Amino acid sequence: MKYQPLDPKIFMENRKRFRDKMMPDSIAIFNSNDEVQMNGDALYKFKQNTDLFWLSGIGQEDSMVILYPDNPDPDYREVLVLVRPNEMKEKWDGHRLRREEGRQISGMDTIVWLDSLPALLQIWMHDAVNVYLNTNENDRKGGYYPSRDYRFIKKMKREYPLHQYHRAAKILKALRPIKTKWEIAVIQQAIHITEKTFRRLLQFIQPGVMEYEIHAEIMHEFLRQRATGEAYGSILASGDRARTLHYVSNNGECKDGELILMDFGAEYGNYCADLTRTVPVNGKFSKRQKEVYNACLHLHRYADKILRPGVTVNEYEKELGKEAGKIFVKIGLLRREDIKNEDPANPAYRKYLYHGISHHLGIDVHDIGSKRKPVEAGMVFTIEPGIYIEEEKMGIRIENNFWVQKNGNIDLMKNIPVEAEEIEGLMKRMVHSR
């Protein structure tokens, strides 16, 4: 791993939180993700199951976490399962974790090898009554994939059909959105790397540069700062391409007079940052560009004021939409009659702001959590309003990451330049120094 070792208190606390929600006489079993075949003998880059990582900090394939608080044998109430190191395989694929390394990362004392698990698991299952197994219950998931978790469920139900089975995901969906102070420290490091990268880009952007060259600068700085990599595919969209929300081609030229929308974030220690800034390619906003930019910044700050514990994300986004309608009238995008006569199911502002404003953020960039249940203190959300004007070939979005608190949110990206004048000042200084 490129990143510095994380504090195992993160994972020790997360396991405690999960154990406290388990029923008596219960065992919970979590699997790592699969290594997935690509073409020929090549594999896709391995990405750990985020639930297993949240519980253990282990990023290695063929791993498992087993929690059994009422195990009659106290040595096996928390178990980390690792693949047994194989000297020949390591010559080809590299080092695999030893027991002591697994202990240091996870804070778990009991480590067993995967090939010795079946005999142990049979004993534990004969004592347990309830079994928690895991599935992907992220509301944004794209469809069913027969992952190791789903295959393991079938195997367990076939071999132990009379046990009571329960969804581990139901507990995780309640726990993972609430971030501990140790998790926030890791997210803050991902944000720190992202900030350094953004400041680097302000020195680099100028008319004639290609979007993929900016992407290269991002990757260079991420790796230089020990990031695991990109939290998601970076979006670098100049001019009218900024109206495509998930534009990832990044192959266009940045032209004089255009704005460039940059949506990117570092992943550090498997935790994500998610930043969007829109800046002038030539270092100076036009009068109209600044007007629309400041309107977007107003919505960004208004959203921060109304995103509070007790409100649902759906309710909060609906309230922000009302403010967006007023602002769009002010900057000439809508008329008052458009607001008055709008279809409640398709408000007028949606013509220029057609996406959600916030999502949970954490180990997954679209972290697990509900938009229908009330927001709670401790959750981390993006706030990312945008204004997209087809007639003017312009797209602007501003995004920061916020840690929700009872008495006001903490802007985890408060040190990243966002005012139009500050961005212009930094870009002007850099243009003169080239």
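Since we're looking at a predicted model, the values are computed, not measured.

Caption draft 1: Broad picture of the overall build of the protein. Along its length, the protein carries 13 helices and 17 strands. Radius of gyration (C-alpha) of the protein: 24 Å, near the 22 Å computed for a compact globule of 434 residues. Looking at the protein residue by residue over its 434 residues, the buried ones come to 53%. A separation threshold of at least 6 residues defines the contact pool for the protein, and within that pool the share at least 24 residues apart is 71%. By element, 50% of the accessible surface of the protein is carried by carbon and sulfur atoms, the whole surface being about 20400 Å². For the protein, the centre of its 66 positive side-chain charges and the centre of its 63 negative side-chain charges are spaced 3 Å apart.

Caption draft 2: Structural view of the pattern of salt bridges. Counted according to the given criterion, the structure contains 37 salt bridges. Among the ionic pairs, Arg288 bridges to Glu392, the shortest N-O distance being 2.9 Å. Of this pair, Arg288 sits in helix 10 (residues 287-306) while Glu392 sits in the loop between strand 14 (386-389) and strand 15 (394-397), placing them 104 residues apart in sequence. One salt bridge connects Lys371 with Glu317, and the closest N-O pair in it is separated by 3.3 Å.

Caption draft 3: Structural detail: a nonpolar patch on the surface. Together, Val36, Met38, Tyr44 and Tyr145 make up an exposed nonpolar region whose accessible area comes to about 380 Å². Turning to its location among the elements, Tyr44 is positioned in the loop between strand 1 (26-31) and helix 2 (50-56). On the basis of relative accessible area, Tyr44 is assigned to the partly exposed category, the value being 47%.

Caption draft 4: Expanded view of the packing of aromatic side chains. Under the criterion given, the structure shown has nine aromatic pairs. Ring geometry for Tyr76 and Trp124: centres 5.4 Å apart, planes at 45°, overall tilted. Of this pair, Tyr76 sits in the loop between strand 2 (64-67) and strand 3 (78-82) while Trp124 sits in helix 5 (residues 117-127), and the two are 48 residues apart along the sequence. According to the relative accessible area criterion, Tyr76 is partly exposed, its value standing at 23%. On the accessibility criterion, Trp124 (4% relative accessible area) is buried. Ring centres of Phe222 and Phe264 lie 6.3 Å apart, and the angle between their planes is 40°; on these two criteria the pair is classed as tilted. With a gap of 42 residues between them, Phe222 in helix 9 (residues 211-224) and Phe264 in strand 9 (residues 259-264) connect regions that are remote in the sequence. There is no split in this pair, since Phe222 and Phe264 are both buried. Among the aromatic residues, those joined into a ring-pair cluster are Phe18, Phe30 and Tyr132.

Caption draft 5: Here's a closer look at the pairing of strand 13 (residues 380-383). Where burial is concerned, the two faces of strand 13 agree: the one with Val380 and Thr382 and the one with Phe381 and Ile383 are both buried. Where strand 13 meets strand 16 (residues 400-403), four bridges bridge the pair, whose relative direction is antiparallel. Among the inter-strand pairings, Ile383 is bridged to a residue of strand 16, identified as Asn400.

Caption draft 6: Broad picture of the environment of Pro74. With respect to the helices and strands, the residue Pro74 is situated in the loop between strand 2 and strand 3. Note on Pro74: relative accessible area 54%, which makes it exposed. It is 58 Å that separates the C-alpha atoms of Pro74 and Gly395, two residues lying 321 residues apart in sequence.

Caption draft 7: Spatial organisation of the sheet that holds strand 12 (residues 275-280). Spatially, three strands are ordered 8-9-12 in an open sheet, and the strand pairing comes out antiparallel. In this open sheet, the two strands that pair with only one neighbour each are strand 8 (235-238) and strand 12. In this sheet, adjacent strand axes meet at a mean angle of 10° when their direction is disregarded. Its contacts with the sheet put helix 9 on strand 8 and strand 9, and the angle it makes with strand 8 is roughly 150°.

Caption draft 8: Spatial organisation of the sheet that holds strand 6 (residues 164-167). Spatial strand order, 4-3-2-1-5-6: six strands in an open sheet with mixed pairing. The outermost strands of the open sheet, each flanked by one partner alone, are strand 4 (110-113) and strand 6. The average angle at which neighbouring strand axes cross in this sheet is 25°, direction not considered. In the sheet, strand 1 pairs with strand 2 via four bridges, with the strands oriented antiparallel. Residue Phe30 lies in a different strand from strand 2, and its bridge partner there is Val65. Docked against the sheet, helix 1 (residues 9-19) engages strand 1, strand 2 and strand 3, running at close to 50° with respect to strand 2. Most of the contacts of helix 5 go to strand 1, to which it runs at about 150°, and overall it touches strand 1, strand 2, strand 3, strand 4, strand 5 (130-133) and strand 6.

Caption draft 9: Quick look at helix 5. Along helix 5, the residues classified as buried are Leu117, Leu120, Leu121, Trp124 and Met125. Here the buried residues of helix 5 occupy an arc of 130° about the axis, which is enough to place them on one side. Turned more than 90 degrees off the buried face of helix 5, the exposed positions are Pro118, Ala119, Ile123 and His126.

Caption draft 10: Quick look at the side chain of Glu90. You can see Glu90 is positioned in helix 3 (residues 87-93). Under the relative-accessibility criterion, Glu90 is labelled buried at 18%. Side-chain polar atoms of Glu90 contact the side chain of Arg98, separated by 2.5 Å. Setting aside residues no more than four positions away along its own chain, Glu90 makes contact with Pro85, His95, Arg96 and Arg98.

Rules and cut-offs
Residues numbered from 1 in each chain as written. Predicted model: local features only at pLDDT ≥ 70, side-chain atom pairs only at ≥ 80, totals over all residues. Heavy atoms only, no water. Helix = DSSP H or I, 4+ residues; strand = E, 2+ residues; numbered from the N terminus. Rg over C-alpha atoms; globule rule 2.2 N^0.38 Å. Buried < 20%, exposed > 50% of the residue type's maximum accessible area, 1.4 Å probe, protein only. Contact = heavy atoms within 4.5 Å. Areas by Shrake-Rupley, 256 points an atom, 1.4 Å probe, with all protein chains shown as cover. Lys, Arg positive; Asp, Glu negative; His and termini not counted. Charge placed at Lys NZ, Arg CZ, Asp CG, Glu CD. Salt bridge = Lys/Arg side-chain N within 4 Å of Asp/Glu carboxyl O. Patch = residues over 30% accessible without salt bridge, like charges linked within 9 Å, V, L, I, M, F, W, Y side chains within 5 Å. Phe/Tyr/Trp six-rings, centres within 6.5 Å; stacked < 30°, edge-to-face > 60°. Pairing = 2+ DSSP bridges. Axes fitted to C-alpha atoms, helices over the stretch in contact; angles between N-to-C directions. Arc of directions from axis to C-beta. Polar contact = N/O pair within 3.5 Å; in protein donor to acceptor, adjacent residues only side chain to side chain.

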